[in-house]
Each structure stands twice: as C-alpha cells, then as structure tokens.
Amino acid sequence: METEALIDRKGKERPHYLKNKNIIAYGVIGVIVVIVTVYVVFMRAPNNNINNNVISSNNSNLQSTAQLIANSRAAAIEQYQKQFCGLNSIPHSNNYITEYNLPSTCEMPLGILVDDQLAKVWYVSTKHGTLGSYDLATHKFDKELNIPVWNVRNIPTDNSQVWSVKEDKSGNIWFTDEKQNAIWRYSKSVGGFEMYKVPEMSKAFGTTYPVSIDFDSNGNVYFVGIRSPVLWFGNVTQMKNGTSNGIAKIPIPTNAFRGIDPDLISTGSIAIDNKRNVVWISMLSFPSKGEILRYNITSKTFHPFNMPPGLNSPVGVAVDENGNPWVTDHATSLFFMLNASNGNTTTYATSRASPQIYGVSDANSVPAGAYSLPYWIEKGSGGNGGSLWFNEHEGNKIARFEPSNNTLYEYWIPTQNRLWGNCPPNSQTCGIANALQFSSGQNGQIWFAEWSENKIGSLTGVNYNQLPFSVSVFPQELTIKGGQAVEIKVNVSGTTTTRLSQNHSNSTVEMVASGTFSPGGDLGNSTGIFSQASLPMPDTHDIKQVSFIFTPSTKLKPGDYMMMLGAQNQEVAMLKAVKVHVIS
C-alpha cells in the first residue's frame, strides 16, 4: 500500500496511478502482486541442488538463513492478514446500513448476489474459495460450500478475485474466477459446481482475469476479462465441466488505444440489453483513455463511443429502460449517461470525499486527488426499477440516483479501516471499508461486500427512502457567463422521519456542493458560497431556505456542466442536479 514504484511482469515500472492509494481493481492487483512477490522471494525453500560438502561446511550459516526465511515468511503472512483479513473488524450499524461478520476468518468477500427467489444473499470468499449464503428469513448464515478448485487456499498470502456473481433464468449461480482463469456455475437444484476454462491466457499476467458476466435472452453467457480485450461467448448447451468447450472468442477492436501498451488496455464490465439484443462494454487504459462499445449480437458488429475529456476510466455499466448505458468513472468522482442514439454524454458528480475519510476536520484540509471513485453500477429491480445504484469506493458510501428527478442519495458506510487511508497519526477516524461490490434485490435491499473487513452489509428497503430531510433547488437550469454571479435557492425541509436523526451526531444538517467542473467533484477555479454552511435539523414540515452564490471562473471553458447541491448529516446525503450552461 505504500507509494513505492510497482514493477509489472515485463520489468517495466507501472505508471504513477498504480502507486497511490486510490485502489481500483487494477490497483488491487498491484497490491496483491507486491505481497505475493514478497512471499515468493522470501518464503520459498532453499535450492536443493547445493553440493553436500558445501552444505556440511556451512551448516550454521544455512540454519541462520533458514531462520531469516522463516521470520520473513511469518512477517509477510502477518502483514497480509492485518491488511486484508479484518481480524478485529467490528460490525457497525446506523439508521440505514447494517453490517454482519462472516462465519469464517479472513474470507475476503467480493462478488455478492441477492437471490430473490430463495430469499438469500450469496457471496464468494476469494481467500478460502467458498460459496456462502445468508438467509434473509432466518437472519443466519448457511453452511459455506467449498469450490472444488481453489489453489490459493494453500498460499497464505494470496487470493483469487471474484468480481461478478450472477443468477441465470434457471436459477443457477455463475461467478468469475481470476486465478483459475475461469468462470463457474453452481446448480442450486443439484448442489454441484462446474468450472469452464477460458481458452486463452494473458502472456504477461498468466490469466485473462474474468471480471464481468451477463446472459442473453437464450440463457447463453457473455463475459470479459481485465487482461484481455476480448468479449467471450459461452453456448451453455455446449459448455462442459473442466474444459473450454462451447466458449468462443470475439475480439474487441482497440483502434482508439493505438500507441498504448496493450498490457495497459483493460475491459471494465459488460451489460446486456436483451430488449435491443446488444452488449455494452466499458474499455479503459486507466487513467488516460476510456471508451464504450456496443456489440450487436445479431449483426456481430461493434460500434465504439469515444469519451469526452475527463471520462477516461469507465468501469461499471448499467442499461436503463430507454437503452442508454449509465457508467461509473473509477478514476474520478463522476458518473454519466451515454445517449445510445447520438453518443452524447450527460455527466454528474457525487458529493466530495468526506474529510472523515482522511482524518481531517474540514473540506479545505482534504488532500488533492481525494476522489470518491464510483465503481460498479446496477439498475434497480421491482418497484425500484427506475433507480440506479452504485458504490463509491473511496467515498465509503452506497449511492442511489433517480434519473426522473436528477436526485442523488448517498448512504455512509459506518466502518473505516485506517490501513486503507492516508491517515494523520492522531486522527480519530480515517480510512474506508473497501465496499468493492454490491447487489440489489426486488424488495429494495442493497447488499455489499467489505473485501478487507470480513463482513457483508445491507441497506434495507425499509429505511432507504426515510430521510429526515428533503431538498429542493431553484432554478434547476441556468445560463451564465464566466465571472457572473448567480443565486440558487436551496430549500431544506423536515420530514415525518425527522426522528431518525435526532441523536446528537445527526442533529445538524451540513450544506454540500459539488460539480463536474473538476475530476474530484469540486468547483475547480469557480466559487460557490452558501449563506449558511450548516443549520439545525428542521422540524417536521419546516422549511429552511439557504442561498448558494455561484460564480463560474472566467477561465472556465464554455459548455455544459452539472452542479450538485444539497444537504447531509452523518449518515445520509441528498443532492439535486442543476444544469449550468456556461457561455462566452
């Protein structure tokens, strides 16, 4: 986790973006590679092909060397467990989120799935290679199931990343597997696992690193891997356990990435729009270049969509009812909608990363590059079908966006781990929970995995709509010149659930502002000042009006921007989007 240079398998120094603590999937790979390298270098047995006479004459030296190796091995294991196992992690809760310790130690959960049919939550232990479940009816964990092949079980400082867990129309559970270079299917009716091997491996990394999986209307499977610019298609009628049968390669065009080292070109994720028979794919060379591609299943053709400046690291993809993909940019604090008809993008910002994550007292003390890092995104299901859910990796939040009224809700995850943050020595709170993947259910529940905390957590469908305050803004759209000041009125109203936040820590509402003027979601060189920075929690049906005076910088490039204005307490935030047209 330190900022020393990381070296890739070709001996090249990795770019600066893999040296900091803004950990993404690709950064996590780097962290684990460093730890595993320590294990390989310092823990492997001495060479047995040493001349016996030399061994005899240097017996005492060998004993000393063996002791050093043993000490290094123990130190590496201890560091790994401290960093990734959540050994002393405590399950926390607030009015919205509840956390649960997993039944075994050091599970490192990642992929997770809400199973509405069986009322269970499925998760995969990336360390132990088990498929576990939590029963939503009994509120207990079921017995964990051993995945037949999981080589890292025997390596104390390694794991196999499982980013995607999905259910097909027959109720089978599918999941990706990094180290075995495979995807798996678990049959709930039979109770057995089948492994399907990817036909190729990355020469540089030893695996294509399967990362995202989805199904077409016939139940066939499509998937992509971080280390391979390929869309893989699996014909389920031909796929056979332990083989690559039925899996076909569909090369993805990489013309837009000319001049970039092929080992730095990654696929982010896929989402299939079965209504229109297309597959949406995110591609990136983090953090310098991004692209969205649409693959037509019928015509077998790709259509690329170039990203505007600033959207260089698209990862999560979800498709709305109109066939437009919504995408999270995992190098910034931004997420966006791509218009599938004309290729235009509409970009939004999360709130700025909380000072609490960095152990500082106010927003002005937050370090540069403090981005919330929106990660994976899903369209809500059931009665929540118009919502879009995503996790803010370094924002330490679960977020919900309502496109119908341009409203963003953010729910604070109550766990923070100092080992995953740039923490001042005397800070009382600092770090993140590493909520890397999540899943939504039909009853409005959101379940997420805390990878380094040995926990899963939930945002319940009962409480997620019960905010103690509501926000409205006027105007919701404005045209303005650089240097020209404008007043925007922000109304904060108390609701019938005000009682949820009447404890000491939530009795005050803080005003918040962010925007697409910069990658981190701040206002850049523009200025914005609230007439009140904070106010007491309004009583039920009481309305407090706050003025926000916004002045765009004279250096701001003419164009369309999105400003997010709202309020938050210690547990939840509500922000409204304001469209800003800057003219010359």
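Residues numbered from 1 in each chain as written. Predicted model: local features only at pLDDT ≥ 70, side-chain atom pairs only at ≥ 80, totals over all residues. Heavy atoms only, no water.

Colleague: Residues and numbers for the packing of aromatic side chains, please.
Modeller: The description of two aromatic rings rests on the distance between their centres and on the angle between their planes. Throughout the structure, instances matching the rule amount to 35 aromatic pairs. Taken together, a centroid distance of 6.0 Å and an interplanar angle of 55° make the contact between Trp122 and Tyr186 tilted. Within this pair, whereas Trp122 is found in strand β3 (residues 120-125), its partner Tyr186 is found in strand β9 (residues 182-187), the two being separated by 64 residues in sequence. For Trp122, a relative accessible area of 5% puts it in the buried group. For Tyr186, a relative accessible area of 7% corresponds to the buried category. On the basis of an interplanar angle of 65° and a centroid distance of 6.1 Å, the ring pair of Trp420 and Trp451 is categorised as edge-to-face. Of the two residues, Trp420 sits in the loop between β26 (407-412) and β27 (435-440) while Trp451 sits in the loop between β28 (446-450) and β29 (455-459), which places them 31 residues apart along the sequence. Trp451 shares its class with Trp420; the two are buried. Following the ring pairs from residue to residue traces out a cluster consisting of Tyr100, Tyr123, Tyr134, Phe141 and Trp447. The ring centre of Phe205 lies 3.7 Å from the NZ or CZ of Arg227, which sits over that ring. (Phe/Tyr/Trp six-rings, centres within 6.5 Å; stacked < 30°, edge-to-face > 60°. Helix = DSSP H or I, 4+ residues; strand = E, 2+ residues; numbered from the N terminus. Buried < 20%, exposed > 50% of the residue type's maximum accessible area, 1.4 Å probe, protein only. Lys NZ or Arg CZ within 6 Å of the ring centre and 35° of its normal.)

Colleague: Please provide a residue-by-residue account of the pattern of salt bridges, values included.
Modeller: Opposite charge on two side chains lets them pair, provided their charged atoms get close. A complete count under the given rule lists 17 salt bridges for this structure. A salt bridge links Glu167 to Lys188, with the shortest nitrogen-to-oxygen separation between them at 2.7 Å. Linking Glu167 in strand β7 (residues 165-167) with Lys188 in the loop between β9 and β10 (192-197), this pair joins segments that are 21 residues apart in sequence. Look at Glu167 and you get partly exposed, because its relative accessible area is 24%. Overlapping salt bridges, with partners in common, bring together Glu99, Glu450 and Lys455 in one network. (Salt bridge = Lys/Arg side-chain N within 4 Å of Asp/Glu carboxyl O.)

Colleague: Kindly report on the sheet that holds strand β30 (residues 469-474), identifying the contributing residues and their values.
Modeller: Taking strand neighbours across the sheet as the criterion, the four strands line up as β30-β32-β36-β34 in an open arrangement whose pairing is antiparallel. The strands lining the two open edges of the sheet, one partner per strand, are β30 and β34 (527-530). Direction aside, the axes of adjacent strands within the sheet are offset by 20° on average. Note that β30 and strand β32 (residues 486-494) share six bridges and pair antiparallel. (Pairing = 2+ DSSP bridges. Axes fitted to C-alpha atoms, helices over the stretch in contact; angles between N-to-C directions.)

Colleague: Could you give an account of the nonpolar core, with specific residues and numbers?
Modeller: In terms of nonpolar packing, the biggest core is built from 84 residues, with Leu231, Tyr411 and Met563 touching the most fellow members. Per element, the largest residue contribution to this core is five residues, and it comes from strand β38 (residues 572-583). The contact partners of Met563, leaving out residues within four places of it in the chain, are Ile488, Ser514, Gly515, Phe517, Leu523, Phe548, Phe550, Lys576, Ala577, Val578 and Val580. Core analysis: the second largest hydrophobic core is formed by 32 residues, Val278, Trp280, Val319 and Phe336 among them. (Core = buried A, V, L, I, M, F, W, Y, C linked by side-chain atoms within 4.5 Å. Contact = heavy atoms within 4.5 Å.)

Colleague: Tell me about the side chain of Thr328, residues and numbers included.
Modeller: Assignment of secondary structure puts Thr328 in strand β20 (residues 325-329). Looking at Thr328, the relative accessible area reads 0%, which means it is buried. Here Gly316 takes part through its backbone nitrogen, which lies 3.1 Å from a polar atom of the side chain of Thr328. In this structure Thr328 touches Ser313, Pro314, Val315, Gly316, Leu334, Phe335, Pro374, Tyr375, Trp376, Ile377 and Phe390, once residues within four positions along its chain are discounted. (Polar contact = N/O pair within 3.5 Å; in protein donor to acceptor, adjacent residues only side chain to side chain.)

Colleague: How would you sum up the state of the cysteines? Please name residues and give values.
Modeller: Two cysteines form a disulfide when their sulfur atoms are joined by a covalent bond. Across all of its chains, the model carries two disulfides by this definition. What pairs with Cys85 in a disulfide is Cys106, and their sulfur atoms sit 2.0 Å apart. Around the S-S axis, the bridge from Cys85 to Cys106 shows a dihedral of about -50° and counts as left-handed. A residue pair is termed long-range when its members are at least 10 positions apart, and Cys85 in the loop between α3 (59-84) and β1 (97-101) and Cys106 in the loop between β1 and β2 (109-115) qualify at 21 residues. Assigned by exposure class, Cys85 and Cys106 land together as buried. Here Cys423 is linked by a disulfide to Cys430, with a sulfur-sulfur distance of 2.1 Å. Measuring handedness by torsion sign, the sulfur bridge of Cys423 and Cys430 sits at about -95° and is left-handed. Accessibility expressed as a relative area gives 2% for Cys430, which makes it buried. Each bonded cysteine of the chain gets a number by its place in the sequence, and the pairs then read 1-2, 3-4. (Disulfide = S-S within 2.5 Å.)

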